[in-house]
Amino acid sequence: MMSAKELVKAFYNSDLANNANVVAEFFHEKSELHWTSSQGFTLLKYNDIKKFFKGTRESYTALRFEFTHFIEVNNTVITRHTLFANTIENPDSEIALAHFATIWEVKDGKLYRGYEISHQANENNQSSMKSYTERKI
């Protein structure tokens, strides 16, 4: 069985924009994602997460994550990263979508609880982008 950190890395390294089985492979059936974004708070349960990734596959051709922090403590993994994407409308151009800080709890070898905060990436704000390029892994 993978360690919590190995599981979370495998999740982010999977082809999230195209993998129709990502939720079944990585998420516990009783999983919850507590997500606070610029749109407010959203609680996603297993079936909501399936719908979310279905929408992701319909909107993006590729997703890529750059991590500044990747910390494991027992069955908990904390990440800080930027999400880059290629949209269906412009598949040849990668854009920075958002910055994230996420706490993942792993149970039974699957992602069980996620506590995530995100905000839109601003590629014109050099200080912000630089902060997310400094690696502390």
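The preceding data block contains the structure.
Note that the structure is a prediction, hence the values are computed from the model and not measured.

> Explanation requested: unusual backbone geometry in the structure shown.
Glycine aside, negative phi is the norm for most residues, and most peptide bonds take the trans geometry. One non-glycine residue with positive phi stands out, namely Asn74, at about 55 degrees. By the element assignment, Asn74 lies in the loop between β3 (60-73) and β4 (76-87). Assessed through its relative accessible area of 68%, Asn74 is described here as exposed. For Asp108, which is not glycine, the phi dihedral falls at a positive 55 degrees. Inspection of the secondary structure assignment puts Asp108 in the loop between β5 (94-107) and β6 (110-120).

> Help me out: how do you make sense of the pairing of β4 in this one?
When a strand is regular, its side chains alternate between the sheet's two faces. Judged by how many residues are buried, β4 sits mostly within the fold: nine of 12 residues are covered. In this sheet, β4 lies alongside β3 in antiparallel orientation, the contact comprising 12 bridges. Among the inter-strand pairings, Val73 is bridged to a residue of β4, identified as Thr76. Between the end of β3 and the start of β4, which pair antiparallel, lie two residues, with Asn74 showing a positive phi angle near 55 degrees. Connecting the antiparallel pair β4 and β5 is a turn made up of six residues.

> Where do I start with the side chain of Thr56 in this structure?
On the secondary structure map, Thr56 appears in helix α3 (residues 46-59). Excluding residues within four positions of it along the chain, Thr56 makes contact with Leu16 and Leu63.

Reading guide: rules and limits
- Residues numbered from 1 in each chain as written.
- Predicted model: local features only at pLDDT ≥ 70, side-chain atom pairs only at ≥ 80, totals over all residues.
- Heavy atoms only, no water.
- Helix = DSSP H or I, 4+ residues; strand = E, 2+ residues; numbered from the N terminus.
- Buried < 20%, exposed > 50% of the residue type's maximum accessible area, 1.4 Å probe, protein only.
- Pairing = 2+ DSSP bridges.
- Contact = heavy atoms within 4.5 Å.

Everything listed here is a matter of coordinates, which is why it stays silent on function.
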